[in-house]
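# Understanding the architecture of this molecule
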There are 2 protein chains.
Amino acid sequence: MMNYTAFEDCGLKRSLDILSGKWKPLILYHLFHEKEIRFIRLWRKMPRVSKKVLLEQLQQMQEHRVIERIERKGFPPEVYYRLHRDTEWLGPALQMLEHWGKGR
Amino acid sequence: MMNYTAFEDCGLKRSLDILSGKWKPLILYHLFHEKEIRFIRLWRKMPRVSKKVLLEQLQQMQEHRVIERIERKGFPPEVYYRLHRDTEWLGPALQMLEHWGKGR
DNA sequence: CGGCATCCACATGGATACTG
DNA sequence: CAGTATCCATGTGGATGCCG
């Protein structure tokens, strides 16, 4: 078996804190599909979240460099979100979790 | 890039719900190290959790087949916890998360 | 349209004491 | 020692409305 000493300072906890929550996995799902998605469109895909909460989740994910925010000036405003590069390479791990999760 | 259609039914959300929380990542950490650990010993390693909460977390993890509970009859009672086999093969994914988490 | 400000409900975690 | 029962604090998510 592998050496799990790496868990010691619990980056694991930090990751899980960052990626989990009521809506973040769903957001991740959509961003893995669309690469770049406009806020209003993302919101329409998740009709059960309030705008406030969706925004909060997105902001937290920005702070943790899970996603990036792209703003195109003008009126009405246009804001897009996309995965951060660092998150893309996490894809395989997330897919394992996805697969594992289906068994429960 | 990979095909992330697998996220569709959001096993990802289920996994993250199951593995995250205030103490579960820590519990996982200890179990990845010790393989089989007695309740009281685990508790002493996590002095800031109340016994009640620790027990709750362990029970939930049992229900989701993340860990197994082993009881050795007698008095005083002896109860051990260990990772479920299905969780062990998740190790690599968790290590990626561990590594990724350190960067934030 | 994207983002805030309020106010609020409820689930989750916590302190403590008790039992077999 | 392992597990339960109470009671309680608080944070996270939610409904709604306003603003540039």
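Residues numbered from 1 in each chain as written. Chains lettered and ligands numbered in written order. Predicted model: local features only at pLDDT ≥ 70, side-chain atom pairs only at ≥ 80, totals over all residues. Heavy atoms only, no water.

### Overview of the nonpolar core
- Among the nonpolar cores identified, the biggest contains 55 residues, and Leu 19 and Leu 28 of chain A together with Leu 19 and Leu 28 of chain B are the most heavily contacted of them.
- Looking at this core, the element that brings in the most residues is helix H2 (residues 24-34) of chain A, giving six residues.
- Dropping the residues within four chain positions of it, Leu 19 of chain A is found in contact with Lys 24, Pro 25, Leu 28, Val 66, Leu 90 and Leu 94 of chain A together with Leu 16, Leu 97 and Trp 100 of chain B. (Core = buried A, V, L, I, M, F, W, Y, C linked by side-chain atoms within 4.5 Å. Buried < 20%, exposed > 50% of the residue type's maximum accessible area, 1.4 Å probe, protein only. Helix = DSSP H or I, 4+ residues; strand = E, 2+ residues; numbered from the N terminus. Contact = heavy atoms within 4.5 Å.)

### Focus: the interface of chain B and chain A
- Taken together, the contact pairs 51 residues of chain B with 51 residues of chain A.
- Summed over both sides, the interface of chain B with chain A buries roughly 5100 Å², with 69% coming from carbon and sulfur.
- Scanning the region where chain B abuts chain A turns up two salt bridges.
- Between Asp 86 of chain B and Arg 104 of chain A there is a salt bridge; the shortest N-O distance is 3.4 Å.
- Across the chain B-chain A interface, the total number found is 24 residue pairs in polar contact (both at pLDDT 80 or more).
- Counting residues per element, the ones that place at least two in the side of chain B that touches chain A are helix H1 (11-19), helix H2 (24-34), helix H5 (85-88) and helix H6 (91-102) of chain B.
- Its residues assigned to classes, the side of chain B that touches chain A shows 24 nonpolar, 14 polar and 13 charged. (Buried area = accessible area lost by both parts, 1.4 Å probe. Salt bridge = Lys/Arg side-chain N within 4 Å of Asp/Glu carboxyl O. Polar contact = N/O pair within 3.5 Å; in protein donor to acceptor, adjacent residues only side chain to side chain. Nonpolar A, V, L, I, M, F, W, Y, C, P; charged D, E, K, R; others polar.)

### Some remarks on the protein's contact with DNA strand D
- Trp 23 and Lys 52 of chain A together with Ile 40, Lys 51 and Arg 69 of chain B are the nearest of the 19 residues found near DNA strand D.
- Counting only atoms of DNA strand D within 4 Å of the protein, the fraction found in sugar and phosphate groups is 60%.
- Contact distances for DNA strand D include 2.7 Å between a phosphate oxygen and a side-chain N or O atom of Trp 23 of chain A.
- Within the contact set of DNA strand D, a phosphate oxygen lies 3.0 Å away from a side-chain nitrogen or oxygen of Tyr 81 of chain B.
- Every element with two or more residues in the surface near DNA strand D is listed here: helix H4 (51-63) of chain A together with helix H3 (39-45), helix H4 (51-63) and strand S3 (78-83) of chain B.
- In terms of residue class, the surface near DNA strand D is made up of 10 nonpolar, two polar and seven charged. (Near = heavy atom within 4 Å.)

### A short note on the environment of Ile 40 of chain B
Residues and elements named next belong to chain B.
- Within the secondary structure, Ile 40 sits in helix H3.
- With a relative accessible area of 30%, Ile 40 lands in the partly exposed category.
- Each C-alpha atom of the pair Ile 40 and Met 96 lies 30 Å from the other, and the pair is 56 residues apart in sequence.

### Brief notes about unusual backbone geometry
- Geometrically, the link from Phe 75 of chain A to Pro 76 of chain A is a cis peptide bond, its omega value of -5° lying close to zero.
- Notably, Arg 65 of chain B is not glycine yet its phi reads approximately 55°, a positive angle.
- By the secondary structure assignment, Arg 65 of chain B is in the loop between H4 and strand S2 (67-72).

### A short note on the sheet that holds strand S2 (residues 67-72) of chain A
All names here are of chain A.
- Read across the open sheet, the three strands follow the order S1-S3-S2; overall the sheet is antiparallel. For this open sheet the edge positions go to strand S1 (37-38) and S2, each flanked by a neighbour on one side alone.
- Of the pairings in the sheet, the one linking S1 to strand S3 (residues 78-83) comprises two bridges and is antiparallel in character. Among the inter-strand pairings, Ile 37 is bridged to a residue of S3, identified as Tyr 81.
- The strands touched by H2 within the sheet are S1, S2 and S3, with S3 carrying the most contacts at an inclination of about 95°.
- Each of S2 and S3 touches H4; the most contacted strand, S2, lies at about 110° to it. (Pairing = 2+ DSSP bridges. Axes fitted to C-alpha atoms, helices over the stretch in contact; angles between N-to-C directions.)

### Focus: the sheet that holds S2 of chain B
Residue and element names in this part refer to chain B.
- Spatially, S1-S3-S2 is the arrangement adopted by the three strands of the open sheet, whose pairing is antiparallel. Each having just a single partner strand, strand S1 (36-38) and S2 make up the two edges of the open sheet. Each neighbouring strand pair of the sheet contributes to a mean axis angle of 30°, computed without reference to strand direction.
- Here six bridges tie S2 to S3, and the two strands are oriented antiparallel to one another. Each bridged residue has a counterpart across the sheet, and for Glu 71 the counterpart in S3 is Val 79.
- The sheet contacts of H2 involve S1, S2 and S3, and relative to S3 the element is tilted by about 95°.
- This element, H4, spans S2 and S3 of the sheet and lies at about 110° to S2.

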